[in-house]
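Read off the chains here:
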Amino acid sequence: MFWRIVKGALFRQKGKMALIAFTVALGASLATSMLNTMLGVGDKVNQELKTYGANINVLPKEASLLDDLYGMQEKEGQVQKYLKESELPNIKTIFWAYNIVDYTPYLNTWVSCNNDSKHTKMVGTWFNNHMALPTGESVDTGMIRLKNWWEVQGEWLSENDSDSVMLGKIFADRNGFKVGDEIQLKSNNLDKKFKVKGIFSSGSDEDAFIYSTLKTAQEFAGVTGVVNKVEVSALTTPDNDLARKAAKNPLSLTIKEREVWYCTAYVSAICYQITEVMTDSVAKPIRQVAESEGDILNKTTLLMVLITVLTLIGSGFGISNLITASVMERSNEIGLQKAIGASNGRIICTILVEIILTAIFGTVIGYGVGLLLTQIIGLTVFGSAIAPTAMVVPIVAILIILVTILGSIPAIRYLLNLNPTEVLHGR
């Protein structure tokens, strides 16, 4: 009898139930799309931010960290400190190796141009270096990926361009150089002519420098197998209290805290792991970049949560009005049930079962639409699909059930106050 009553109510009020299902589907679709986007957007936003450069500097312990981290100019004749070039592949062997998107080393030296007495900084680096890792894997990394926003006239250098250099736009304009010109560079260790293969505009002090392959800069500096600095671009998790505590002093962490910190992609954890594989090195986050990334991710997540909450609140009000209207239309039927002995609990149970069945139907449809919306957001905003997250299914189901039950409260209150005598006498 119970299920006959439920079935009859559902079919007699098809219009009302369709509207309730539609409202639930709307809420479920938006909640599904926002939650899937929120859970999948972190890596995508982080990946987008990686196109704007490195967020970690790796330097020798003895080097002046203040000069490198805060942008002060390196002085000619300053005593150089070095990292071992042979240890650079180790960076891709740390626990968070797959979060290391790109990295490239730098070796700075000073050269004179065309016998000019004024010296210019030459920076040797990787441009597109194919590197074999100790793990047996290989990786391609370098400036072409790390500085892909640079505007380049001509071409980027390759690792085999031992007779070519790239000039910063300021240096090229100041000295009247164009792509294809010949330039003679000289240091205490080498005097050699090069072809200008490219002129770059970075929008920073680098526009006044000369860039060459790492090997060329080492020859001019009279050193082998060393670099001054490494810039690393890594996907990171926004800092929290634990990350900030570890950044101050990793030794202050308890064993449990250390495990959580070490196994989470905090920028401080990645820096710490890099220093473990690079002899006498100090890895420091570029705070302006790292903190900006964290702020953007946190604000993006907060926006998704707010949209989800507001959507569910709106759906709750819509469901509440529709259920109350449905109960009021059935007041005669409910009054008759009360008159023949049906308890409030049984009637409430019947109403809730009807609404929950309708909500389940709407949730299934809404979830499918939500997955479609997730992919539209991913392709439109990030240019790639966002993989659905399994944990969204139970979250959406629980949220919709809660919203549906809460939205039924006004109708239940009306039902409890319903007097069968008044209803049956038309009052």
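Since this is a predicted model, take the numbers as computed values, not measurements. (Residues numbered from 1 in each chain as written. Predicted model: local features only at pLDDT ≥ 70, side-chain atom pairs only at ≥ 80, totals over all residues. Heavy atoms only, no water.)

## Overview of the overall build of the protein chain
Argument step 1. Helix and strand counts for the protein chain come out as 14 helices and 14 strands.
Argument step 2. Within the protein chain, counting contacts between residues at least 6 apart in sequence, those at least 24 apart form 76% of the total.
Argument step 3. For the protein chain, the computed accessible surface area is about 21400 Å², with 59% contributed by carbon and sulfur atoms. (Helix = DSSP H or I, 4+ residues; strand = E, 2+ residues; numbered from the N terminus. Contact = heavy atoms within 4.5 Å. Areas by Shrake-Rupley, 256 points an atom, 1.4 Å probe, with all protein chains shown as cover.)

## A closer look at the pattern of salt bridges
Argument step 1. If you walk through the whole model with that rule in mind, you get 10 salt bridges.
Argument step 2. In this structure, Glu155 and Lys197 form a salt bridge, with 4.0 Å as the shortest nitrogen-oxygen distance. Taken together, the residues Glu155 in the loop between strand E7 (151-154) and strand E8 (164-168) and Lys197 in strand E10 (residues 191-201) connect sequence positions 42 residues apart.
Argument step 3. Judged by its relative accessible area of 49%, Glu155 falls in the partly exposed class.
Argument step 4. The shortest N-O distance in the salt bridge between Glu231 and Lys229 comes to 3.7 Å.
Argument step 5. Exposure remark for Glu231: the relative accessible area of 9% places this residue in the buried category.
Argument step 6. One salt-bridge network, in which partners are shared between bridges, spans Lys147, Glu206, Lys229 and Glu231. (Salt bridge = Lys/Arg side-chain N within 4 Å of Asp/Glu carboxyl O. Buried < 20%, exposed > 50% of the residue type's maximum accessible area, 1.4 Å probe, protein only.)

## Observations regarding the packing of aromatic side chains
Argument step 1. Per the counting criterion, the structure on display carries 13 aromatic pairs.
Argument step 2. When the centroid spacing of 4.4 Å and the interplanar angle of 15 degrees are considered together, the rings of Trp150 and Phe200 count as stacked. Taken together, the residues Trp150 in the loop between helix H4 (143-146) and E7 and Phe200 in strand E10 connect sequence positions 50 residues apart.
Argument step 3. Exposure remark for Trp150: the relative accessible area of 6% places this residue in the buried category. (Phe/Tyr/Trp six-rings, centres within 6.5 Å; stacked < 30°, edge-to-face > 60°.)

## What about the packing of helix H8 (residues 255-262) against helix H9 (residues 267-277)?
Argument step 1. H9 packs onto H8 with a crossing angle of 90 degrees between their chain directions and a minimal axis gap of 9 Å. The orientation of H8 with respect to H9, classified from their angle, is roughly perpendicular. When H8 is examined against H9, the residues Arg258, Trp261 and Tyr262 are found in contact with a partner set consisting of Ser268, Ala269, Tyr272, Gln273 and Glu276.
Argument step 2. Split by residue class, the contact of H8 with H9 holds 4 nonpolar, 2 polar and 2 charged. (Axes fitted to C-alpha atoms, helices over the stretch in contact; angles between N-to-C directions. Parallel < 35°, antiparallel > 145°, perpendicular 65-115°, else oblique. Nonpolar A, V, L, I, M, F, W, Y, C, P; charged D, E, K, R; others polar.)

## Topic: the side chain of Ser202
Argument step 1. With respect to the element layout, Ser202 can be found in the loop between E10 and strand E11 (210-213).
Argument step 2. In this structure the side chain of Ser202 is engaged in a polar contact, spanning 3.0 Å, whose partner is the side chain of Ser204.
Argument step 3. When neighbours within four sequence positions are excluded, Ser202 is seen to be in contact with Trp149, Trp150 and Asp207. (Polar contact = N/O pair within 3.5 Å; in protein donor to acceptor, adjacent residues only side chain to side chain.)

## Let's talk about the packing of helix H7 (residues 241-248) against H8
Argument step 1. Taken N-terminus to C-terminus, the directions of H7 and H8 make an angle of 100 degrees; their axes are 10 Å apart at the nearest point. Classified by the angle between their axes, H7 and H8 sit roughly perpendicular to one another. In this structure, H7 uses Leu242, Ala243, Lys245 and Ala246 to contact H8, whose residues at the interface are Glu257, Val260 and Trp261.
Argument step 2. Tallied by class, the residues present in the contact of H7 with H8 amount to 5 nonpolar, no polar and 2 charged.

## Remarks on the confidence of the model for the protein chain
Argument step 1. On average, residues of the protein chain carry a pLDDT of 81, and 79% of them reach 70 or more.
Argument step 2. When the criterion is pLDDT under 50, residues 68-73 qualifies, and its contacts beyond four places in sequence or with other chains add up to 10 contacts. (pLDDT = per-residue confidence, 0-100.)

## Notes on the nonpolar core
Argument step 1. Judged by nonpolar contacts, the single largest core of 44 residues is most densely connected at Ile56, Ile183, Leu185 and Ile274.
Argument step 2. Not counting the four nearest positions on each side in its chain, Ile56 is found in contact with Val230, Glu231, Val232, Ala234, Val267, Ile270, Cys271, Ile274, Ala283, Lys284, Pro285 and Ile286.
Argument step 3. Residues Ala31, Ile323, Val392 and Ile400 belong to the second largest nonpolar core, which totals 23 residues. (Core = buried A, V, L, I, M, F, W, Y, C linked by side-chain atoms within 4.5 Å.)

## What to know about the pairing of strand E6 (residues 138-141)
Argument step 1. Across the two faces of E6 the burial differs, with Val139 and Thr141 buried and Ser138 and Asp140 not buried at all.
Argument step 2. Pairing geometry for strand E5 (residues 129-132) and E6, over 4 bridges, is antiparallel. Bridge pairing in E6 links His130 to Asp140.
Argument step 3. The loop that links E5 with its antiparallel partner E6 comprises 5 residues; one of these, Gly136, has a positive phi angle of about 95 degrees. (Pairing = 2+ DSSP bridges.)

## Here we look at the environment of Thr32
Argument step 1. Note on placement: Thr32 falls in helix H2 (residues 14-50).
Argument step 2. Under the relative-accessibility criterion, Thr32 is labelled buried at 0%.
Argument step 3. Separated by 364 residues in sequence, Thr32 and Val396 have C-alpha atoms that sit 6.5 Å apart.
Argument step 4. When sequence neighbours within four positions are dropped, the list of residues in contact with Thr32 reads Tyr367, Gly370, Leu371, Thr374, Val392 and Val396.

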